[in-house]
Amino acid sequence: MADSTRKEDFANDLLPHTESLEEMHHVNNPVLDLPRIEKQYLSKVQGYTQERNSFFFTDGRSKVEVKVFSEEIIRIRLAPEGVFLEDFSYAVSFKEEVFVNCEVTEDEAYFRVKTSAVTCSIKKDNFFISFSEEDDTVLNSDHAAMHWEENVDYGGYYVYCSKEAKSDEVFYGLGDKASNLNLRGRRVKNWNSDTYSYAFNQDPLYKTIPFYIGVTEGKAYGIFFDNTFKTYFDFASEHPNQTSFWSEGGELQYYYIHGPQMMDVVKRYHSLTGTHYMPPMWAIGYHQCRWSYYPENKVRETAYEFRKREIPCDAIYLDIDYMDGYRCFTWNKRYFPDPKKMIADLNANGFKTVVMIDPGIKVDENYWVFKQGQENNYFCRRGDDYFMEGFVWPGRCQFPDYTNPEVRTWWGTLYKGLVDDGVAGFWNDMNEPAVFGRGTFPDDVRHQFEGHRGSHRKAHNVYGMQMVRATYDGLKKLYKNKRPFTITRAAYAGTQRYSSVWTGDNIATWEHLRIGTLQLQRLSVSGLSFCGTDIGGFTGEPDGELYTRWMQFGVFSPFMRVHSAGDTRDREPWSFGPDWEQICKKFIELRYKLLPYIYTCFWMQHRYGEPILRPISLLEQHIAKNLQREEEFTFGHQLLVSPVLHPGQLNKIVYLPEGSWYYYFDHTPYAGGQEHTIDTPMDEMPFFVRGGSIIPEFPVMQFTGERKIESLKMTFYFAEGQHESHLYSDHGETFAYEQGVYVEKNFIAESTQNTVQIVQGEQGLYTPYYSDFNLYLVGLPFDMKQVTVDGMKVNVSKDEDGLDYIKLERDFKKVIIQ
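Every residue gets a number counted from 1 within its own chain, in the order that chain's sequence is written. Totals for whole chains, interfaces and linings use all residues, but because this is a predicted model, local features are given only for residues with pLDDT of at least 70 and pairs of side-chain atoms are given and counted only at 80 or more. In computing side-chain properties, one takes all heavy atoms of the structure into account and sets aside hydrogens as well as water.

## Some remarks on the overall build of the chain
The helix and strand tally for the chain stands at 13 helices and 53 strands. For the chain, the C-alpha radius of gyration of 30 Å lies close to 28 Å, the compact-globule estimate for 818 residues. Along the first, second and third principal axes, the C-alpha set of the chain runs to 125 × 70 × 50 Å. In the chain, which comprises 818 residues, the share counted as buried stands at 60%. Every residue pair with non-hydrogen atoms within 4.5 Å of one another is taken to be in contact. Of the contacts made within the chain by residues no fewer than 6 positions apart, 68% connect residues no fewer than 24 positions apart. For the chain, the exposed area adds up to about 31900 Å²; of that, 47% sits on carbon and sulfur atoms. Counted charges follow a simple rule, with Lys and Arg positive, Asp and Glu negative, and His plus the chain ends left uncounted. Charge coordinates come from a single atom per side chain, which is NZ of Lys, CZ of Arg, CG of Asp or CD of Glu. For the chain, the distance from the average site of its 87 positive side-chain charges to the average site of its 115 negative ones is 4 Å. Helix and strand labels come from DSSP, where a helix needs a run of H or I of at least four residues and a strand needs a run of E of at least two; each type is numbered from the N terminus. Throughout, the radius of gyration refers to the C-alpha atoms, and the reference size of a globule is 2.2 Å times the residue count to the power 0.38. Each residue is assigned to one of three classes by its accessible area relative to the maximum for its type, calculated with a 1.4 Å probe on protein chains only: buried under 20%, partly exposed between the two thresholds, exposed over 50%. Here the accessible surface of atoms and residues is derived via Shrake-Rupley with a 1.4 Å probe, and residues count as covered only by protein chains that are part of the display.

Laid out in structure tokens, this is it:
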């Protein structure tokens, strides 16, 4: 009876309770209202929650995280459906979760997240986000609420952010874009691309640095859109009152970086993404490269000519022809029968050897690198599990997945043979990645992405960065305590932690000389200060004048290398005849004189995040006219140059920033804050020293470390007031500086019309190679009557040219000149 009742009840449960069977009807698609694929916008804010430094605001469906990283850095993240992706970034090296004093306030219209420097305001009725200073001056605000659109083909979303563009606002940054420094009116794309012989305003190029600086009403802020997919920036191009950035995938995640000075923004960007490692001293000398120096006797001949002509040089590069059939990590024994001896002989003559390594590994069952990659499943695969294959220099190739840490470790070990042969530096090329015929990898290529998985759409822009990371980390192990030197063509934000960069395959034209000056300034304020161009142009034929003017600019490029294609004429400093050779020699020697200053600039970059090249806009953003200046820039704080950019140019107008300046070649003083007409004879270029500076100089050497320097030349350029200079020294090639084995000297000069006082301080554990200074004095407005050093009177000496100088002990405390 009981079982029968249960069966009857169960049968009744199968019958409809609210309508009869006759009333029911069948539909083919029970989902009657499919959502339309269109942009979705955040709506009214309904509340928030807090977890430590993170504040999560919601409109009931979506979430926005406002995370306070520091008093001046706030990150914004959007989760359209309320669920965030894992918090991971290749760019950001700032890992420590630190407490920042911040609070949330609420009124009728806004939620406000406040630190001592920045207020992030979230408007309740429309979710607009803005950032303001302590005095409530709004520097950056939304034009529309953050929005997104579903990507039905790949999953995820297109994500968008639109900001107000104020009428006076100008924009800088984004890496090596080949355009004017001010990006206003431009729309650009970030998708690392092999762009042989690129043109002015051509876009995209080789690197993706999604970081820009805005300046409005004399105040600066930064936006870092940390998204590795194909990203776009519109700087008031489509709409004159809007600046937008968006991506084809990933999260809408950006950092607001407060200034109010551009220098503050750049330094704080470095606090997120890291600074350059200290290069070995030889890496900032002059480098000679060509596609290609081979066979061995050509390499030896080139090295011999440098030493015979007494033109300084520290490195010679070997392009892909040194390899066996373009197989990476091999030697062509026909061209280089005994590479280890050749490299040892070059090293004995002061030349370091740098070789190229590409990511394409030739499909060849007899090739040990390919076999290891195959056996361990280290190569990239397509969406349907076929290997990603493409044609580059060796022919049919497969490509390592550098987003897999196991692959990076393996890749680092492959350099052992070349390191054992004595190779000192490595050049990673073709790593956008470039593939003949189709340009790059297909979108469906899969990447491990540190366990976060992704297609090539996600990994493309970091592929080159992770390749050079693998190279750098592997070399650190192989070289033990010696610093590696690496250079990469492709990069993403944060690549400065692993490598230097160059601007790719430029052209031997005056226009490209100008483009190079713009690119290096832009790279420097975008985090990649260790940058250079192919001096003389990679392709095309420069004449002696263009080559020489480019060499002059190269002296003031942080990375100084001549490079050219194999189908061009010779491109050594003597290739254009003795007159041009003498001028090039003079300027290469100038580079070597300035090495202690240049090395100090690298330290200021590494330790303090200061860009090496500094546009006038960075120096004087409070002067509206100077926000458009492009041809003058400083190298560090104290040297200013204005390269000659036109053939036959006899003079040029040069703007000097506020203060006093001296023309380097004859010490003529110039007032700052104004323009001057400067003569430009072929054997000179506009080159000035800031008044108040103390500039260290080496004697001319044929290569770094050629000989010990017992007395270091220091030149003081007079200016009234108080001025600070620095001098950094260490072993020049080890990592001992990370344990404090360095010395950073700072000199504070305080001057009036009748006296100069210089006080020295220092920090660090290193004992420098020099025992004393020879202090030269330029521009004193009075005749020296007495000099005291640490309370003791000293005599003024004369050098072989009859110039006065004061000999000082290395560790003097105070000099008084009156």
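Back to the write-up after that little detour.
## Topic: the confidence of the model for the chain
Residues of the chain with pLDDT of at least 70 account for 96%, and the chain-wide mean is 95. Confidence per residue, as judged by the predictor, is encoded in pLDDT with a range of 0 to 100. Throughout residues 1-21 the model reports pLDDT below 50, and contacts reaching past four residues in sequence, or to other chains, amount to 3 contacts.

## Regarding the sheet that holds strand β49 (residues 787-789)
One requirement defines pairing of two strands: DSSP has to find at least two bridges between them. Strand order in the open sheet formed by 6 strands is β45-β46-β47-β53-β49-β50, and the pairing between neighbours is antiparallel. In this open sheet, the two strands that pair with only one neighbour each are β45 (721-729) and β50 (792-793). Strand direction decides the pairing type here: β49 and β50, joined by 2 bridges, are antiparallel. Note that in β50 the partner of Thr 788 across the bridge is Lys 793. Think of each axis as a best-fit line through the C-alpha atoms, taken over the contacting stretch in the case of a helix, with angles from 0 to 180 degrees between the N-to-C directions. Its contacts with the sheet put helix α12 (residues 595-608) on β45, β46 (743-751) and β47 (756-763), and the angle it makes with β45 is roughly 95 degrees.

## With respect to the side chain of Arg 381
Structurally, Arg 381 is set in the loop between α5 (368-375) and β24 (389-392). Polar side-chain contacts of Arg 381 include one of 3.0 Å to the side chain of Asn 377. Whenever two N or O atoms come within 3.5 Å, that pair is a polar contact, provided that in protein one can donate a hydrogen and the other can accept it, and provided that, for residues adjacent in sequence, both atoms are side-chain atoms. Among the polar contacts listed, one links the side chain of Arg 381 to the backbone oxygen of Asp 385, at a separation of 2.9 Å. When sequence neighbours within four positions are dropped, the list of residues in contact with Arg 381 reads Tyr 386, Phe 387, Met 388, Asp 444, Val 445 and Arg 446.

## Points about the packing of aromatic side chains
Aromatic pairing here means that ring centres of Phe, Tyr or Trp (its six-membered ring) are within 6.5 Å. Orientation follows from the plane angle: under 30 degrees is stacked, over 60 is edge-to-face, and everything else is tilted. As enumerated under the stated definition, the model contains 81 aromatic pairs in all. Consider the rings of Tyr 547 and Phe 576, whose centres lie 4.7 Å apart with planes at 35 degrees: the pair is tilted. Of this pair, Tyr 547 sits in helix α10 (residues 544-555) while Phe 576 sits in the loop between β34 (560-562) and α11 (578-593), placing them 29 residues apart in sequence. Here the two residues Tyr 547 and Phe 576 agree in accessibility, since each one is buried.

## A look at the sheet that holds strand β44 (residues 711-717)
Paired through backbone hydrogen bonds, the strands of a sheet run either parallel or antiparallel to each other. Spatially, 5 strands are ordered β43-β44-β48-β52-β51 in an open sheet, and the strand pairing comes out mixed. Lying at the two open borders of the sheet, with one neighbouring strand each, are β43 (694-697) and β51 (797-798). Note that β44 and strand β48 (residues 772-778) share 7 bridges and pair parallel. Bridge pairing links Met 714 to Leu 775 in β48.

## Quick look at the environment of Trp 661
You can see Trp 661 is positioned in strand β39 (residues 660-663). A relative accessible area of 0% places Trp 661 in the buried class. Spatially, the C-alpha atoms of Trp 661 and Trp 191 are 42 Å apart, while their sequence positions differ by 470 residues. In this structure the side chain of Trp 661 is engaged in a polar contact, spanning 2.8 Å, whose partner is the backbone oxygen of Pro 657.

## Some thoughts on the packing of α10 against α11
The N-to-C vectors of α10 and α11 enclose an angle of 5 degrees; their axes lie 9 Å apart at closest approach. Judged on the interaxial angle alone, α11 and α10 are roughly parallel. The residues of α11 that touch α10, namely those facing Gly 544, Glu 545, Tyr 547, Thr 548, Met 551, Gln 552, Gly 554 and Val 555, are Trp 580, Ile 583, Cys 584, Phe 587, Ile 588, Leu 590 and Arg 591. Amino acids are sorted into nonpolar (Ala, Val, Leu, Ile, Met, Phe, Trp, Tyr, Cys and Pro), charged (Asp, Glu, Lys and Arg) and polar (every other residue, Gly among them). Split by residue class, the contact of α10 with α11 holds 9 nonpolar, 4 polar and 2 charged. Should an angle fall under 35 degrees it is taken as roughly parallel, and over 145 as roughly antiparallel, whereas 65 to 115 is taken as roughly perpendicular and any remaining angle as oblique.

## Here's the deal with the pattern of salt bridges
Side-chain pairing between opposite charges can occur once the charged atoms of the two side chains come close. Criterion for a salt bridge: a side-chain nitrogen of Lys or Arg within 4 Å of a carboxyl oxygen of Asp or Glu. Under the definition given, this model contains 48 salt bridges. Asp 176 serves as the salt-bridge partner of Lys 207, at 3.2 Å between the closest nitrogen and oxygen. Of this pair, Lys 207 sits in strand β14 (residues 207-208) while Asp 176 sits in the loop between β12 (170-173) and β13 (187-190), and the two are 31 residues apart along the sequence. With a relative accessible area of 1%, Lys 207 lands in the buried category. In this structure, the salt-bridge partner of Glu 432 is Arg 489, at a minimum N-O distance of 2.7 Å. Taken together, the positions of Glu 432 in the loop between β26 (425-428) and β27 (446-447) and Arg 489 in the loop between β29 (485-488) and β30 (491-492) put the pair 57 residues apart, joining distant regions of the chain.

## Here we look at helix α4 (residues 339-348)
For α4, the full list of buried residues reads Pro 339, Met 342, Ile 343 and Leu 346. The arc enclosing the buried residues of α4, seen along the axis, measures out at 95 degrees, which places them on a common side. Along its buried surface, α4 packs onto α3 (296-309), β21 (315-318), β22 (352-357) and α7 (416-421). The first or second residue beyond α4 is Gly 350, which carries a positive phi of 85 degrees. The arc refers to the directions leading from the helix axis to the C-beta atoms.

## Thoughts on the pairing of strand β15 (residues 211-216)
Counted residue by residue, β15 has 6 buried out of 6 residues, so it is predominantly covered. With burial as the criterion, each face of β15 is covered, one bearing Phe 211, Ile 213 and Val 215 and the other bearing Tyr 212, Gly 214 and Thr 216. With 6 bridges connecting them, β15 and strand β16 (residues 219-225) associate as antiparallel partners. The residue bridging Val 215 from the neighbouring strand is Ala 220, located in β16. Where β15 folds back onto β16 in an antiparallel hairpin, the turn is made up of 2 residues, including Glu 217, whose phi is positive at roughly 50 degrees.

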